[in-house]
Each structure stands twice: as structure tokens, then as C-alpha cells.
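Here is how the chains run, residue by residue.
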Amino acid sequence: MSWEKIKDLFHLKPSGQLYDVPLIYALLCLIGVGFVMVTSASMPEAERLYDNPYHIMIRQAVFVALGFVLFIVAISVKMQWWKVANPYLLLLGLGLLVLVLIVGNEINGSKRWIPMGPINIQASEVAKLFFFSYLAGYLVRKRDEVQENLKGFVKPISVFIVYAGLILLQPDLGTVVVMFVTTVGLLFLAGAKLWQFFALMLSGIGLVIALIVFEPYRWARVVGFLEPWEDPFGKGYQLVQSLMAYGQGGWLGQGLGNSVQKLQYMPHAHNDFIFAVVAEELGFIGVLTILVLLGTLVFRALLIGQRALKANKEYEGYLALGIGIWFAFQSMVNVGASAGILPTKGLTLPFISYGGSSFLVMAIAAGVLLRVDFETKMATKQATPRGNRRSVSGSTSAVQGAA
């Protein structure tokens, strides 16, 4: 396909683009950098586990190809389909969360993956997107209830509690926290009363603390986070190795492929702690570049949501805002955990970490963002000429009246 055809496909003209160009560029850069870093970070572990240093890289390449297909499909699907289907998608997500508890594969003590031939689908990742789609539809249908009485506020929280309960049985606290923060953010943006917002926040924080205190392995992670150097070969091992990687990176890093910590010292180097490998190999400049790209992605998502709301496309606006909050918070948690700012939590870094289900679902979410932007701009372009005609007609009438 020639560059001219690609430009025609995305309508990349000097002005008035029908798709958000900065978002596309940020997305492509993140995927490209992520693929390179997954390759670099995974080679020692792939050599040890599969006797092939490129095994994980090949799998990631397959996920990137599938993600591109899903991305194009998501752009092609009209938002009207999501509006109509969101209650059914909610039920589908619920079914997946139940199914994974019955037939799911258990990996590292967690039962989160549904086997589907050569790949495993993480049910909570799919359910997360479906829940945000439902929540956006609910806020449109019941906006007045959410703003005026407690009943409208409690209903989506009840649905969230059911989802959260099933996800905690896997267990997967990280996904629950991401869903909770996104839910609270959307309810606040939809106009929920401040006392309801703060009550929900305090209740959620209290519940998370209780889940940590009464679960030994979660409490061990918190202890390791608070005092990693007291037990550098036990509870604090993973964080200590990550901090060492950050410390060795300097301004320009050790060079691509030259990380020491990825040589079977730091667990999950190509997944949860890939940002530490980025810091060690690419240094402060590489870290800053990726943070700018992630910031651009989040900012454009929030801007798309805001524009959709202004264009009276409420469902599209709330869904875009939800995706933006989701990407932002998950990025903060991943980076914060690897840098020792937050307790260790198994969440991928959007479009950077290795992870099939996460990458595929986020590719769909990115496609939805571009579809929202496209439909918002088309609606605005179609409305403007009508407005101009009304202005011209009004001016003509005024002139005739004056005559």
C-alpha cells in the first residue's frame, strides 16, 4: 500500500483531519518502542525457558499483528453498535469472569486465563472494557438519577461490586483498583454529588486496605515496598533489583540490549517491570520519552472525550474519558511500582509490556477512541454548513426588513 493510499485512508490532509493524528503517532511510537524493549528484556528468560531467545519476541509480534487487525475493526465499527450492545457486552463480560473460574488455567497461583488454542485470554481485561462501555451507556440513560438521588449512584456501584467480587476470586486486585478509579472518575465527571464521591472514595480505600491486610502475600508486597533493603533477597528482592536498574541507567543508559538486571536477576523483566529495563538501557532520556508518549496518548483520549461531550455525543464522550482515565491510572501504577513509589502490582504498561490480552484489548480501546473522534468531527462538519445557511438566511431577512 502506497503512502498516498494510507493518507487517503486516514484523511491526513494539512488541515481538518478526520482522525486524531497526534494520537496515531503516539500509539505507533509506543507499539514500536514496546516491541523493541520486549525483545531486549525477554531474551534471557526465553533462552532459559524455551531454548530460543526469540520465542517471546515472536509471540509479541503475533499479538501486535492481531492487535492491528482489531484496531482497524474497532475503527470501522460505528459507535451506535456499542451503544446498543453495551448491556449485552456487560453480560458477556460477566460470563467470561464466571467461566475463567471454572475452566481457566492457573499460572503463578492466579486463575485468570481462558485457554483458546495457542493463546490464553485474560477474562478480566476483556470484562474491563465491556464494563466501561456499560458504564458510559448507564450515565447517558440515567444521568438525572446520578446527579439528583442516591439510587442512580448506587446502581452502577452494585454492578461494579459483582464484577469486582468475581475478579478478586481469581485473584486480581490490580484490575479491580483500575476499574474502581475509572468508575469513580466517570461518576464524578457525570455530575455525582461531592459527598457521594468522597464517601465512595473512602469506602474503596478502606476496602483495598482490608484486602491487603488480611491477605499475607499482599501484605508481604507492602512490607517489601516500605522497607525493600531490610530483606533484599526476600520480600524486597524484586523492587531492589528494579531500583538497581534505575540507578545504573543514568542519563543515556547502558545501551540497548546491555541491561544486567534482565539477566535472570529481575523477575518479569519483560512484563510488569519492563520500565526498569527501559531505564537501565535507555536512561533518563528514554524514560522521559516514553512518559511523554503515554502522556500524549492520555491527553488526546481525554480531549476526544471532552469534544464528544460538547458535540452532544454523551455516550462516546464518557467512553473516551473512561479509556483515558484507565490508560492514565494503569500507566501510573506500573511506573510507580517499578520505581518504588507504589507497592508492587501486576499491571502492564500500555502498549509497552508483554501481554497478549492486555495489548489486544487496549488496541480495541485505541480504535474506539479514533472512531469517537471521527464521528465527532463528522457531526461537527455536517452541522457547520447548516449553521452557516441559517446565518445567511437571517442576514438576508434582516436586509429585506430594513429595505
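Residues numbered from 1 in each chain as written. Predicted model: local features only at pLDDT ≥ 70, side-chain atom pairs only at ≥ 80, totals over all residues. Heavy atoms only, no water.

## A few points about the confidence of the model for the chain
Cut-off, in case you're wondering: Values of pLDDT, the confidence the predictor places in each residue, fall between 0 and 100. Note on contacts: a residue pair is in contact if any heavy atoms of the two residues lie within 4.5 Å.
Of all residues in the chain, 91% have pLDDT values of 70 or greater, and the mean over the chain is 84. Counting interchain partners and residues more than four positions distant, the pLDDT-below-50 stretch residues 5–15 has 11 contacts.

## Things to note about the environment of Ser353
Stated precisely, the cut-off is as follows: Secondary structure elements are defined from DSSP: runs of H or I of at least 4 residues count as helices, runs of E of at least 2 residues count as strands, and each element is numbered from the N terminus. Counted as a polar contact is a pair of N or O atoms within 3.5 Å, where, for protein atoms, one must be capable of donating a hydrogen and the other of accepting one, and residues adjacent in sequence contribute only when both atoms are in side chains.
Its place among the elements puts Ser353 in the loop between helix H13 (314–338) and helix H14 (356–402). Distance in space between the C-alpha atoms of Ser353 and Asn334 is 9.7 Å, their sequence separation being 19 residues. In this structure Ser353 touches Val38, Gln60, His270, Asn271, Ile274, Asn334 and Thr348, once residues within four positions along its chain are discounted. At 3.0 Å, the side chain of Ser353 forms a polar contact with the backbone oxygen of Asn271. Separated by 2.8 Å, the side chain of Ser353 and the backbone nitrogen of Leu349 make a polar contact.

## Considering a nonpolar patch on the surface
Condition: Each patch is built from salt-bridge-free residues with over 30% relative accessible area, joining like charges within 9 Å and nonpolar side chains (Val, Leu, Ile, Met, Phe, Trp, Tyr) within 5 Å. The Shrake-Rupley method, run with a 1.4 Å probe, gives the accessible areas here. Residue values count only the displayed protein chains as cover. Note on definitions: salt bridges are taken to be side-chain nitrogens of Lys or Arg within 4 Å of carboxyl oxygens of Asp or Glu.
Taken together, the side chains of Ile205, Ile209, Val213, Phe214, Trp219 and Val223 make up a nonpolar region of the molecular surface, amounting to roughly 600 Å² of accessible area. Those elements giving two or more residues to the nonpolar patch turn out to be helix H9 (194–213) and helix H10 (216–226). Take the nonpolar patch: its biggest share by element is three residues, from H9. Within the secondary structure, Val223 is located in helix H10.

## Regarding empty space enclosed by the protein
What counts, and what does not: Put plainly, a pocket is an open set of points on a 1 Å grid over the protein atoms alone with protein on both sides within 12 Å along at least five of seven lines, a cavity is a set where a 1.4 Å probe fits but cannot get out, and a lining residue has an atom within 4 Å of a point. Grid points are joined across faces, edges and corners, and a volume is the space filled by probe spheres set on the points.
Counted by the stated rule, this structure contains one cavity of 30 Å³ or more. Considering only enclosed or pocket space, the largest cavity measures out at about 30 Å³ in volume. Forming the boundary of the largest cavity are Thr348, Leu349, Phe351, Ile352, Ser353, Gly355, Ser358 and Phe359.

## Some words on helix H3 (residues 55–76)
Rules: By this rule, a helix spans an expected 1.5 Å times one less than how many residues it contains. The cut-offs for exposure are 20% and 50% of the maximum accessible area for each residue type, with area from a 1.4 Å probe on protein chains only; residues under the lower value are buried, those over the upper are exposed, and the others partly exposed. The directions considered for the arc run from the helix axis to the C-beta atoms.
Its 22 residues place the ends of H3 32 Å apart at the C-alpha level, agreeing with the 32 Å of an ideal helix rising 1.5 Å per residue. Buried within H3 we find Ile56, Met57, Gln60, Phe63, Gly67, Phe71, Ala74 and Ile75. On an axial view of H3, the arc spanned by its buried residues comes to 110 degrees, and they lie on one face. Away from its buried face by more than 90 degrees, H3 exposes Phe68 and Ser76.

## Structural notes on the pattern of salt bridges
Following the criterion strictly, the structure yields seven salt bridges and no others. Where Arg300 meets Asp20, a salt bridge forms, and the shortest distance between an N and an O atom there is 2.8 Å. With a gap of 280 residues between them, Arg300 in helix H12 (residues 274–310) and Asp20 in the loop between helix H1 (3–10) and helix H2 (21–50) connect regions that are remote in the sequence. As far as the burial class goes, Arg300 and Asp20 line up, both buried. The closest approach of N and O atoms between Lys313 and Glu316, which form a salt bridge, is 4.0 Å. One salt-bridge network, held together by shared partners, links Lys83, Lys313 and Glu316.

## Brief notes about the pairing of strand S2 (residues 110–116)
Definition in use: When DSSP finds two or more bridges between a pair of strands, those strands are recorded as paired.
Across three bridges, the pairing between strand S1 (residues 105–107) and S2 is antiparallel. By the bridge assignment for S2, Ile107 is matched with Ser110. Taken together, the four bridges between S2 and strand S3 (residues 119–122) define a ladder with antiparallel strand orientation. Bridge pairing links Met116 to Ile119 in S3. Linking S2 back to S3 in an antiparallel pair, the connection comprises two residues, with Gly117 at a positive phi of about 70 degrees.

## Overview of the packing of aromatic side chains
Rules: Planes of paired rings set the category: under 30 degrees apart is stacked, over 60 is edge-to-face and the rest tilted, where pairs are Phe, Tyr or Trp rings (Trp by its six-membered ring) whose centres lie within 6.5 Å.
Applying the stated criterion to the full structure yields 14 aromatic pairs. Ring centres of Phe131 and Tyr163 lie 5.6 Å apart, and the angle between their planes is 40 degrees; this geometry places the pair in the tilted category. Of this pair, Phe131 sits in helix H5 (residues 123–141) while Tyr163 is found in helix H7 (residues 150–168), placing the two residues 32 residues apart along the sequence. Taken together, the aromatic side chains of Phe131, Phe132, Tyr134, Tyr138, Phe160, Tyr163, Phe180, Trp326, Phe327, Phe351 and Phe359 make up a single cluster linked through ring pairs.

## Focus on H7
Between its first and last C-alpha atoms H7 spans 26 Å; for 19 residues at 1.5 Å apiece the expected length is 27 Å, and the two agree. Among the residues making up H7, those that are buried are Gly152, Phe153, Pro156, Ile157, Val159, Phe160, Tyr163, Ala164, Leu166 and Ile167. Those residues of H7 that are buried are in contact with helix H4 (79–103), H5, helix H6 (143–148), helix H8 (173–189) and H9.

## Describing the nonpolar core
The criterion, for reference: By nonpolar core is meant a set of buried Ala, Val, Leu, Ile, Met, Phe, Trp, Tyr and Cys residues that side-chain atoms within 4.5 Å join together.
One finds Phe131, Leu139, Trp326, Phe327 and Phe351 to be the most contacted residues of the largest nonpolar core, which totals 106 residues. In terms of residue count, H12 provides more of this core than any other element does, 15 residues in total. Setting aside its immediate chain neighbours within four residues, Phe351 contacts Leu27, Leu30, Ile31, Gly34, Leu297, Phe327, Phe359, Met362, Ala363 and Ala366.

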